[in-house]
Amino acid sequence: MNFLNILGTTPAVGGNETTALTWLVELFNSPLFIFVTGIFLLGVFFWYLGTDQDKTKRNAGTIFILGISAFSLFSVFSHGLKYGIDIAGGVSFTLNVEPNKDDEGKAIPLTDEAMEQACIILTDRLNSTGANDVIIRPKKKEDRNLIEVQIPAADPAKREETKAILTKVAKLQILPVHPKSYEFVAAGRTVVPGYRLYDYKFKNSRGEEVVEKLFLEKRESLTGKDIVRAGVDYTTPGQVAVLLNNAGADKMYELTSRMKLGHDRMAVVLDDVVKSAPVVQAVLSKNFVIQGLDAPGEAEALSKVLSNPLTNKLNFESASEISATLGHTALLQGEYAGITGLICCFIMVIAYYRFAGIVAIVGLTINALLLLGAMSIFGFELTLPGIAGIVLTLGMAVDANVLIYERLREEKEAGRPFFVAMRNSFDKAFSAIFDSNITSLITAVILYWMATGTIKGFAVTLTVGVITSMIGAILVTRVLFYWADRVGMMKSYKFMNLFNQESSIDFMGKRVWCCTVSAVVLLFCLIWGGVKGKDCLGMDFTGGSSISYLLNKSDINFKDVEAVVDALPGLTQKASVQEIAEATDVNKVNIAVSFSDNAKDKEIVVNTLKEKFPVLASAPFSEETIGQSMGYDTLITSAWALFFGLVGIMIYLTLRFEWTFAVGAVVALTYDVLMVLGLVVVCGTELNVIHIGALLTVAGYSINDKIVVFDRIREQLRYAEPDESIEKLMNDAINQTLSRTILTSMSTLAVLGCLYFFGGPAMEEFSWSIIAGIIIGTYSSIYIASPTALFFSRKHGLHEEVQQSMKAGA
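Residues numbered from 1 in each chain as written. Predicted model: local features only at pLDDT ≥ 70, side-chain atom pairs only at ≥ 80, totals over all residues. Heavy atoms only, no water.

*Asks:* Hey, could you go over the sheet that holds strand 8 (residues 222–223) for me, with residue numbers and the actual values?
*Replies:* Strand pairing within a sheet occurs via backbone hydrogen bonds; the two strands may be parallel or antiparallel. On the basis of which strands lie adjacent, the open sheet formed by four strands has the order 8-5-11-12 and antiparallel pairing. The strands lining the two open edges of the sheet, one partner per strand, are strand 8 and strand 12 (273–276). With five bridges joining them, strand 5 (residues 172–176) and strand 11 (residues 266–270) adopt antiparallel strand pairing. Note on strand 11: the bridge partner recorded for Q173 is V269. (Pairing = 2+ DSSP bridges. Helix = DSSP H or I, 4+ residues; strand = E, 2+ residues; numbered from the N terminus.)

Quick look at the structure:
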C-alpha cells in the first residue's frame, strides 16, 4: 500500500517539477532525516521526564506526541502493514532434499531427525529475528524427502532472494594448500595422493581475472559445524568475519601452528569453490576472515548461511501462490468482530468515566497508532499470535488508564482540586503501571532469547507493545489532561460509581475453601492431560497427511470447500484447507486438504468432499505426508522459556516488592497457565500454535493483575500499625481495587467476547482460551496469589519489611 496511491496523487514527471507531497514523502524516507528527528524526539522525551514544571511537561509532551504520531501515521500509510500467512496467504516453495553419499558413492538415507534439523536451520536463516512469519515443515511424497517453505506474499525479487538463501548449502571447508602445489602444477601433474586439484579464480592487482590451480588436502581440517557466528565486516567491503567454537579454534591452531609462516597457504572453500587462498602469516585460533565476496549482497547472504550451514543439498522444485491458512471468510468475520468489540469497550469506558473516558480513548488510539507504526517501520509481520500480543498491549493500556482514574476518583473524594488530584493520581498509579509493564517485558525478552519462530514473533510484538503502552501511560494521557484543564474542561468532572469503595467483602475468609477446590480442579486437569499425552496436540505439533486435487478454477468455489472442511464431523484432529496456484497453468488450482494420519479421518475427508463436490471424483490428485510446522522440541523450548520468565519475574518482584509477594505472584501465575492449558485439553480442543500465543497472553495479563493488587496491599502495609491484621489489610486492598479489576476485565472481555461469538471458527478457539485465562487470572489474584502471600507473611514480620523498604527508598 502506497501513500501516494491512497491520496490519488502521483509525483510530477518531467523537468525539475516536484509536488509538495512527493517532497514530503522523500523527506520522511530520508535516513538522515529519520535519524536526526529520532534523536530530537528522544531528547524531547527525556526533557519531559526530567522537568518538574507542569507547563514545560505539557509543551514537551505535546511536541513528542505530535512528532512520533506523525512518523507512525506516515509509516502506516506509506509502507502499510505486512501480514502473515494465516491472514494474507503467501508463497509456498517445495524443496527436494538430496541425500549425502558415503565414501563408496552410495546414498545415505535421510532420518527424521536430519529433516527436522534442516527445517530448524532454514527457519533460522529466514527468521532469525522473529519478525517474519515463516512456516517450514518436512513432507514425504512417493519416497522423496521434501521440505515445504511458506512465506507471506512477496514480489518476484524477494522470491528469488528467498530461493537463493534456501538452496545454498554453504558447505565451508578450510583446507591446507600443498607446500609444493606450484611445482606440481608447473610439472603438469593432475594427481597427488591425498590431495585434490581445484581452480582458484581471482583478480590480480591490475583487475585482470586469473585462474590458479591449487592442490588442496582432501581431509577436512575445519567445516561449517565449527562456526559460532559469521558477520559482515563493514569496515572492509567483500569480507565476512568468522568466529569459531572452542573445538574449531583448537583445530585452527593445530592446523596453522604446523605451517611455515610467511610461506604455506590455506584455502577457504565454500561449496567446492575456492574463495581465498592466503599465505598464513600468524598462528590463528578463533577468528578469521573470508575475502573475495565482491558481488552485491554476496557477503550478507554468505554470513546468513554460514551461521546456519546445511549438511544436505536442497534442490528447488516449485513455487506456488497459497491462500490464507485461516480462510478469507474467517478473516472478514474476525475484522468485523474485533471492530465491534473495540466499540463496545470504548462505549463502556465513556459511560463509566464520562469525559475522562474520551481522554482515555484518544490515548488508546494514539497508543495503537504508535504500535502499528513501529510494526510498519521495522517490517514486523502481523499474525494471529501477533494479534494476541496487541490484545494484551491494549488490555494493559486500558488497565493503566483505569488505575489512574480510580486514583483520581479517590483524590476527588478527598476534596482536592483537579490539578492536584491529577498529579497525585499519576504519581500513585505509576509504580503499579511500571512494574506490570516491566514484568511483561522480562517475559518478552526471555521468550525472544530462548524461543524460535512464531513464539519469537509474539515476543517481538509484545516488546513493542510494552514500550508503546508505557509511553501512553506515562505521557500521552497526562498531556491530554494538561490541555483539558488548560481550556477549562476539567473544572467539574464526574465518574459513574457502580462499585462501592467502602465494601468489605471478606475474601481472605474464603481462602481455604477456594484454594482447596482450585487445587482439586487443577489436579484433575493435569491428570487428564497426562493420560491423553501427545494425543492432545494438533497438527502444528504432530504433522499429518495431505491430499491435493488439481482442478480448473471455474470448477469449484474455494469458499464452499472451506465451509465443508470446517464442518467435517468425527475427526480425531481438525482438518484444514488451502488453495494453491498451479505453477504450470494459471487457469488451474490445487485444493489441498490437510488432516491427521488416522485412516478413518482420511475416509471421512475424501468421501465427504466427493459427495459435496462430484467434480473431485474425476480430478487428478496426489497424497503426501506432512511434518509438523512447530516441532515438539520447539514446544519444550517455549515451555522452558516461560519457566525462566517466571524466574525472572520472581527475582524482579523480590527486589521491587518483598519475596512474599514474589512467591504469591509466581504460584498464582503458574496456576493460571496450567489451568488454562488443562481446560483446553479437557474440553477436547487440540493444542496448536494459536494456543501458545493465547497462553503467553494470559501470562502477561495475569501478572499485570496481580501486581496491581499487591501494589495496593503494599501501600496499606506501609502506613498500617504494627499490630494491625495483615488479613484485614489484604481484604481492604482487594476491595479498594475491585472496581478496577472488574472494569478492566469487562472491557477486555467485551473485545474477546465479540471475537468469540462473531469471529468465526478461526477466532473461536483463540478468543475462548484468552477469555478463560482472564477469568482465571482475575480469580487467582484474589484467591491464590493473596492467600499464598498471606501464608508466607506469617513466617516473618511483613509489616517491618515493607516499612523498612519504604524508609530505605525515601
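*Asks:* Run through empty space enclosed by the protein, naming residues and quoting values.
*Replies:* Per the stated rule, a full pass over the model turns up six cavities of 30 Å³ or more. There is about 100 Å³ of room inside the second largest cavity. For the second largest cavity, the lining is made up of 14 residues, of which L403, R407, V708, R712 and T737 are closest to its centre. If you tally residues by element for the lining of the second largest cavity, the top one is helix 13 (residues 384–413), at four residues. Residues that form the lining of the second largest cavity fall into these classes: four nonpolar, three polar and seven charged. (1 Å grid on protein atoms, 1.4 Å probe; cavity = no way out; pocket = protein on both sides within 12 Å on 5 of 7 lines; lining within 4 Å. Points joined across faces, edges and corners; volume = space filled by probe spheres on them. Nonpolar A, V, L, I, M, F, W, Y, C, P; charged D, E, K, R; others polar.)

*Asks:* Outline the side chain of T56, listing residues and values.
*Replies:* Inspection of the secondary structure assignment puts T56 in helix 4 (residues 54–79). Not counting chain neighbours up to four residues away, the residues in contact with T56 comprise W47 and T51. (Contact = heavy atoms within 4.5 Å.)

*Asks:* Describe the packing of aromatic side chains, listing the residues and the values that go with them.
*Replies:* Taken as a whole and assessed by the stated rule, the structure comprises 17 aromatic pairs. Judged by centre distance (5.8 Å) and plane angle (50 degrees), the rings of F524 and W528 are tilted. In this pair, F524 and W528 are both assigned in helix 16 (residues 511–532), four residues apart and thus about one turn of the helix distant. Three or more aromatic residues link up through ring pairs in this structure, and these residues are Y352, Y353, Y405, F418 and F481. A cation sits over an aromatic face here: K57 above Y48, 4.2 Å from the ring centre. For the cation-ring pair, R58 lies above W483, with the distance from its terminal atom to the ring centre recorded as 4.6 Å. (Phe/Tyr/Trp six-rings, centres within 6.5 Å; stacked < 30°, edge-to-face > 60°. Lys NZ or Arg CZ within 6 Å of the ring centre and 35° of its normal.)

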